[in-house]
Structures are given as C-alpha cells and as structure tokens.
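Structural description and commentary
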Amino acid sequence: MIVAVALAWLAGCALQLQQAELWAQGVYLAQGLAAALVLAVSAWRAGRHGGGLALLLAACVATGALAWAQAGLRGGARVALTLPAALEGRDLIVSGRIIRLPQVDAEGLHFLFAPDAARSADNQAVTLPPRLWLAWPRDGAGPPPRVLAGERWQLPLRLKRPHGVLNPEGFDAELWLFEQGIGAVGSVRAAAPTDPQRLDHPRWWRPDEQLDAARQRWRDAALLQGGGPDVAGVLAALTVGDQSAIDSPGWALFRQTGVAHLMSISGLHITLFAWLAGGLIGRLWRQSHHLMLAWPTPYAARWGGVLLATGYALVAGWGVPAQRTVWMLALTVGLQQLGLHWPPLLVCLLAGAAVVALDPWALLQPGFWLSFVAVALLIASHPPQVEAGPSPSRREQVIALLRSALRQQIVATLALAPLTLLLFQQISLIGFVANLVAVPWITLVVTPLALAGLVLPPLWWLAGWALQPLLTVLGWLGQVPMAVWTVPAAPAWAAALGLLGGALLVLPLPWRARLAGLPLLLPLLWPAIQRPAPGHFELLAADVGQGSAILVRTATHLMLHDTGPRYGQDNDAGQRVLLPLLRARGETRIDSLVVSHRDTDHVGGAPAILAALPVGELRTGLEPNHPLRESTGPGDRPVPHVDCEAGQTWQWDGVRFEVLHPPAHTWQHGLKPNAMSCVVRVQDASGHSVLLTGDIETEQEKALVERLGPRLKSDILLVPHHGSQTSSTAAFLAAVQPKVAVAQVGYRSRFGHPHPAVLARYAAAGIPVVRTDHCGAWIQQDAGAWCTRFVRRRYWHWQAPALSPAGGAVVASP
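Calculation notes
- Residues numbered from 1 in each chain as written.
- Predicted model: local features only at pLDDT ≥ 70, side-chain atom pairs only at ≥ 80, totals over all residues.
- Heavy atoms only, no water.
- Helix = DSSP H or I, 4+ residues; strand = E, 2+ residues; numbered from the N terminus.
- Rg over C-alpha atoms; globule rule 2.2 N^0.38 Å.
- Buried < 20%, exposed > 50% of the residue type's maximum accessible area, 1.4 Å probe, protein only.
- Contact = heavy atoms within 4.5 Å.
- Pairing = 2+ DSSP bridges.
- Axes fitted to C-alpha atoms, helices over the stretch in contact; angles between N-to-C directions.
- Patch = residues over 30% accessible without salt bridge, like charges linked within 9 Å, V, L, I, M, F, W, Y side chains within 5 Å.
- Areas by Shrake-Rupley, 256 points an atom, 1.4 Å probe, with all protein chains shown as cover.
- Salt bridge = Lys/Arg side-chain N within 4 Å of Asp/Glu carboxyl O.
- Lys, Arg positive; Asp, Glu negative; His and termini not counted.
- Charge placed at Lys NZ, Arg CZ, Asp CG, Glu CD.
- Expected span 1.5 Å × (residues − 1).
- Core = buried A, V, L, I, M, F, W, Y, C linked by side-chain atoms within 4.5 Å.
- Parallel < 35°, antiparallel > 145°, perpendicular 65-115°, else oblique.
- Left-handed = near helix turned anticlockwise from the far one by under 90°.
- Nonpolar A, V, L, I, M, F, W, Y, C, P; charged D, E, K, R; others polar.
- Disulfide = S-S within 2.5 Å.

Within the protein chain, the secondary structure is distributed over 27 helices and 25 strands. Computed over C-alpha atoms, the radius of gyration of the protein chain comes to 29 Å, within 12% of the 28 Å expected from 2.2 N^0.38 for 814 residues, which places it in the range of a compact globule. Its C-alpha atoms give the protein chain principal-axis dimensions of roughly 100 × 70 × 65 Å. Taken across its 814 residues, the protein chain has 50% of its residues classed as buried. Within the protein chain, residue pairs in contact and separated by at least 24 positions form 70% of the contacts whose partners lie at least 6 positions apart.

Taken in spatial order, the seven strands line up as β17-β18-β19-β20-β21-β22-β23 in an open sheet, and their pairing is mixed. Here the strands that pair on one side only, and so sit at the sheet edges, are β17 (649-652) and β23 (769-771). Averaged over all pairs of adjacent strands, the angle between strand axes in this sheet comes to 20°, irrespective of strand direction. With five bridges joining them, strand β18 (residues 655-661) and strand β19 (residues 679-683) adopt antiparallel strand pairing. Bridge pairing in β19 links Val659 to Val680.

Okay, the environment of Pro768 next. Position of Pro768 relative to the elements: it lies in the loop between α25 (756-764) and β23. Judged by its relative accessible area of 23%, Pro768 falls in the partly exposed class. With 26 residues separating them along the chain, Pro768 and Val742 place their C-alpha atoms 8.6 Å apart.

On the surface, Asp105, Glu107, Asp230, Asp247 and Asp570 cluster together to form a negatively charged patch. Along the chain, Asp570 falls in the loop between β12 (566-568) and β13 (571-572).

All right, on to helix α16 (residues 458-478) then. An ideal rise of 1.5 Å per residue puts 30 Å on 21 residues; α16 measures up with 31 Å between its terminal C-alpha atoms. Taken together, the buried positions of α16 are Trp460, Ala463, Gly464, Ala466, Leu467, Leu470, Leu471, Leu474, Leu477 and Gly478. Summarising the contacts, the buried residues of α16 are in contact with α5 (207-225), α6 (229-240), α7 (248-257) and α15 (431-452).

Right, let's talk about the nonpolar core for a bit. With 30 residues, the main nonpolar core has Phe254, Val259, Met263, Ile442 and Leu467 as its most contacted residues. At the level of secondary structure, the elements contributing two or more residues to this core comprise α5, α6, α7, α15 and α16. With eight residues, the top contributor of residues to this core is α16. Non-local contacts of Val259, meaning those with residues more than four positions away in its chain, are made with Phe254, Ala434, Asn435, Ala438 and Leu474.

Right, let's get into the packing of α5 against α6. A pair of packed helices is characterised by two quantities: the angle between their axes and the separation of those axes. Viewed as axis vectors pointing N to C, α5 and α6 meet at an angle of 155°, and their least axial separation amounts to 8 Å. The pairing of α5 with α6 is recorded here as roughly antiparallel in orientation. Along this stretch, α5 crosses α6, giving a crossing that reads as right-handed. Residues Arg215, Trp218, Arg219, Ala222 and Leu223 of α5 touch α6, and the partners they reach there are Ala232, Gly233, Ala236 and Val240. Partitioned by chemical class, the residues of the contact of α5 with α6 number six nonpolar, one polar and two charged.

Moving on, we come to the pairing of strand β5 (residues 184-188). Across the five residues of β5, four count as buried, placing the element largely inside the fold. For strand β3 (residues 132-137) and β5, the ladder comprises four bridges, and the chain directions are parallel. The partner of Leu132 across the bridge, within β5, is Ala184. Pairing of strand β4 (residues 152-160) with β5 involves four bridges; the strand directions are antiparallel. In the strand pairing of β5, Arg158 is matched with Ser187.

Tallying each qualifying case throughout the model produces two disulfides. In this model Cys644 forms its disulfide with Cys678; the gap between the sulfur atoms is 1.9 Å. The sign of the -65° torsion about the S-S bond sets the Cys644-Cys678 disulfide as left-handed. In this pair, Cys644 sits in the loop between β16 (641-643) and β17 while Cys678 sits in the loop between β18 and β19, placing the two residues 34 residues apart along the sequence. Summarising the burial analysis for this pair, Cys644 and Cys678 share the class buried. Paired through a disulfide, Cys775 and Cys787 show a sulfur-sulfur distance of 2.1 Å. Here the disulfide of Cys775 and Cys787 is left-handed, its torsion about the S-S bond being about -115°. Placement of Cys775 in helix α26 (residues 772-775) and of Cys787 in strand β25 (residues 784-787) is noted, with a sequence separation of twelve residues between them.

The next thing to look at is the pairing of strand β24 (residues 778-781). One ladder, built from three bridges, connects strand β9 (residues 538-541) with β24; its direction is antiparallel. When the bridges of β24 are listed, Leu539 appears paired with Gln780. In this structure, β24 lies alongside β25, joined through four bridges in antiparallel fashion. When the sheet's bridge partners are listed, Gln781 is paired in β25 with Gly784. In sequence, β24 turns back onto β25 through a hairpin of two residues.

Without other data, these values stay purely geometric and don't point to any function.
See the structure below:
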C-alpha cells in the first residue's frame, strides 16, 4: 500500500504540472479538503475492517488528488508573487539582501536579491516580489564592487516580469525562474540619481546568511588557489556546488565525454562523506564511556553521519541529487533505528516522494530523473545475495570490489542511455571509458582534497594538481571521432518503449528477456523524422530574443537565415538556442547558412553553429575583410563562402530560392551594414512564399519596390529591422501584400522594437503581426501555423493577452 500511495502522490503532482492555466485557488482548496476526507475515511475503514482493493484504489485516488491540490495551491501562490505589469520599466530604489552565491562573469555580476523596501522615483512606496534576479553590468568605470552573500544593499533598479525565449525544444528559462521563486528580473542602473550603497553586513544571528557568506568565501578561495580557470571552476563546483564557475568549453567537454554528472555534488559524494563521517564519529564516541552509556555508538555514528551529510548537502547548494541522498540516508537510518528492514527500492521511492512534497517542480528537472532512476536501477539490477561461505582473502575482496564497480558502471551506462537521449537528444559513446577513469579519481582523490581545502586552503592547490591529468585525458577522449551520438526528439510512445528497453537490459532477468529490450530501443535511437514533401517547405522563426534566426527546411535541404544575437562573451543564440533546436529536429547538416549582415543580433551565433555542424556554404552580406568569411567547420574544414548578390537563384526539392538584395559590388559604395542585408525570397511549387529581409531600411525597400514591384508579393514577411521606424514603409507593405508578418524581437527591447508607429502601419494594411516575444518560436507548415508559446503553454509561462490558438497570430499590440 505504501508503494501505491507514494506513486499516486508523484502522479498527482506530475499531472498538475501539465496544466496550461491554474484553476481558482478555491477549487484546489475544496479538492484538497475532499481528498483529505476520503483518505481519513479510508484509513478508518481499513483500521476497523481491514484493507481491500476498493479501499486501496480510493486511497490512491485521494492521495493523487491531494497532491494535485497542494501543488496547485503552491503554484497559485507563487504566480501571485510576480511583478505587477505597472512596475515594469520604472526607476525604483530598492533595499534588500543578497542571497545565495553571486555569480561573476565577463559581463558583470548576477545575483538573487530579497527586497525589504522599495520606492519609486517620486518617492512612493511599492511592493515587490520576495525574490529578484539582478544583473549588475560592467560600465566604463570598471567592474561592479565586490558584494558578499548576506549583505544588505540599496540599489537603483529597473525591473521586468520573468520572460525567456521559448522554442519547440531547449531550455525553459521561465520554468527555471519560477522554480527559484523569482518574481522579477532586472538590472542595476549605472546612471541613476542614487548610487548603490552597502547598508549592512550579514547578520551573525542568521545561519542562512552566514552559510551563504561562508560558501562565497570558500568558492572565491577555490577559484584563486585551485589553479587555472578550467581546474578552479571544477573545484568550486565540487566544493560548494557552484556549477556556474565552470565555463562553457568545460561543460561541452564534460558532456562530450559523459562525465558532467561528476562535476557537481552527487549522491555518491555525499554517501561517501556520510560513511567517512559516521566512521569517525563512531571511533571518537568509543573513546568516552559516558557517551556510550548515554547513547549506543552505532546510533551516534549513523545519525552523526546523516547530520554531517545534511550539512555538506547544504554547503553544496541543496540540489536534487543531494536531497535524494540525504532523504535516503535518513530513511535508512530511521528504519534501522526502529528495527525495520524495508527494501532499498521502497526507500528510494519514498525519498523521491519526499523531494516532490517539498518541491513539486523538481519533477521537471532532468537531475531528478537521472538521480532517482540511476539509483533505482542499480538497486533493482543487483543480483541476489548468495549464502555466506568462508571469509574471502584480501585479494578476493579487491577483485570483488573491482567487479562490482565495473558492473555498476555498465548498469548505469546502459540504464541511463535511453533517459539521457530522451532528455538531451545526445549521449557520449566514450562515456563508459571516461567514467571508468573519472568516477574513482574524482570521488576518491579530487573531491576529498577539495573538501579538505575548506579547512586547510593549500590543499586546493593539491586538488587542482590532481585534477589536471584527468582533464588532459578527457581532452584526448573528447577528440575521438563520433564521440557523441545525437538523435532527434522522439515521440512519447518511442520514449516509453526506449525507457522500458533500457530497464530490461539491466534487470536481473533471463538473457532472453533482457535481449527483448534491444528492439524496444530502436524507435528512440532512430526516430522517424517528419520532413516536408517535395515541392513544399517548412519555416521556423526561432525565438532568440532581440535578433533574427529563420530555418527553412525542404524535403532534403536546410537553410538557416541568420543566427541570432550574442548574449555575452561566453553565451550566444547559436549554442544556447539554435544547436539544441537543430539537434532535436534531427538536423545534422546546414546546406546553406545565410548571414544577412554583420550586426551582432544576426551574426552572433554563427561561430558556434559553424564549429558544431557541417555547413555546405556560407552566403553572406559581410564586408570583404570580415573574419567570418574565412570560417572553418568541424575538423577545420574550410566552409565555402559566397557573396550575397541580387539575381542568385537555386532550387532544392522543387522549392525556389532567390537573392533579391544587395546588388553586386555594393560594398564599394561604403553603405552601412543594414543596407547590405541579404534579402532572400523562397517560393514552393504551389506558389506559397516567404520574404526574409534582414535589417533593410527605407532606401533599400524603395529600391526593391522600384526594381521588382509585384515580384515582391509574398505570403509571409519577416518584418524588416525588427519593426524599427526606419523600415516597413507603406509602399513596401503594399508591394509585398503579406498574409502575415513575423517580427523577431526581444521582450521589452531597449530599442523599442517593434515601434508603435510601425505596428499601426501593419494594422492599417490589415496585416496580422506575429511577435516572437509574445508567441515564442513561430512554425509554419502545410498543416497550418502556430506559436510555441501556445503549444508548450504551462501556467508559469508569460502569456500575451492577445495570443490566439488559431494559427498563433498576435495582432499588433505594443
């Protein structure tokens, strides 16, 4: 019954997380009270008359309904703490405390802020959400001042509601913000009437503030004393759980070699720590006769190990793997204390239910599933214990230990491969070999030295020295051809079969039953990919923020028009948005990468795309000396470059592509980059067409109208220059006559795109405008068009009031 009730709790929470909109809080409250009443009656009847199938079913349904209700109530309470729309973009003076670890990068400082008072520029008090995510950018005067977790500051801020890019696949930034309880994001204003002021240090009587401050000091010391940036970042992650200290190239290497799970505080680290701590406490406890009489040594050792492991998990940031381990340790020790011997799988299930009870949204984190599934399958695949014989020799014990470690690595590799493919669409083919080296070295050498550095800082240097050879070996392994297997996103039925197949392969079953799992993996490993029929094309306007990126896919070819913006020194739309999107769609090659012009919101992701995928040709409106023209692809193979020139045409699968602008040799005229935008028109066999415009402005629109006239007519128009006042003239719109226009813009763009006057022109012409900040990625196929923000809609997502499910068009609204 415990198993059924725990599974019902998890199912109820999981179903609630699929809601696109929350119900009224009163509905959840009534549902929870009714479910609690049914549970109480079921328990009473079971106590008096014994259990039965009907009572078990009633208890499970009531538990699921209660889980759904509590998750809905908590979700509604969290949604209600979002920044009011009226406060977006206003200048505010806010005082509050820095919580958790501030993050420092090339762009400045990022940190969580808990406000305790706020006023507007006219000195009116305002109410803010309890948590803000703030950026303190570098300015001409240099980097921001050093801040310490727990300090109280007064800051001039400008805030907006949580909003992130949303595409068919990829990271859900709004979910991450929601999980963290962040109700607004914003930045510290550099040129403000009131300068930032430090008001107070961490309060000595607040253990949370003192812990955060200590974690930051340890993190900073590890970064300074651990060696080079690649080594020190890993030590900071292993010591205090700050994964942001590892740079993007480092994470790329760890994912490629399949060891990314080791570069944070894992359950294995905490379990080893608890075992060592318990052994030390037991040894010390036995030194005191009074202590042994007061409490038996085994109890002290077990609970002391759990207590210290909990402290370690808190220092590490209390992530899902840490929570899982602490709950499992606590349940195991508690059952031993009561003389109960529950199966380890049941303990794992109850730990998962406890984690979800505390944080329902943990179910949406990949770490939750990787952590619990790995432990559950390792437990379930363990062979039956044989009766004890003669005591083995030391040599036999070592051999048995090595066999057990090898077997566990095989089980983990096979069992987690389907889940990893489902979550990330890729898996490391060299991960098994890399983990054979990395798991014992990180667990038994690097992590203990890094933790000892908390007490004896010089040991961080020794930990870094021990880590460097491993990074070198991983670098060699990462250069192995075909080191990573990438698959498209699979449908739900294929994912379910693949997970079942992976489980069958590792469970202690007869080999015939195990081998039955192999065919079940095939739909996940090689899912069917839907492509347009010959003579047709599919268009996807990616949501990349303030920038442009358009995918045009025919039956056997792909064109990418622009690559989105560069968000920061180590962060761009190519690696953050487009590559995950392309992998999930099963794209392994780009036949033509068109870069309209050199502005960073169009070219920012190009280096990452070129480095990751084979590109047939690079067609650009770049100046002759631009370094991107000499790009190389994977394996340092040169990518052929073609200048965008009006009159160029080609056909793919019955779909015609034509470059309309710029004229040949335009760079000799000294025009600005926007005027050089590569304009491409695509038309299928049935006449359906799209016009991709880049950042052309009034003069270029006029020239196109005069030169081409009716030939500009297209069904879909990419709004020129994101809706700037310099573009979208009435004459140009009259010539194109689009049925729909797509504006790729960032939420509350600092450029004011799309401009209200431009939106008014589209409205006057009767042209609906789809805005990617309202719609997310916009997809157009033969079956119709839709917004990703409607298809993937969940209650934590920002939603535009005018969003329509019928095609997803968002009519002009500033």
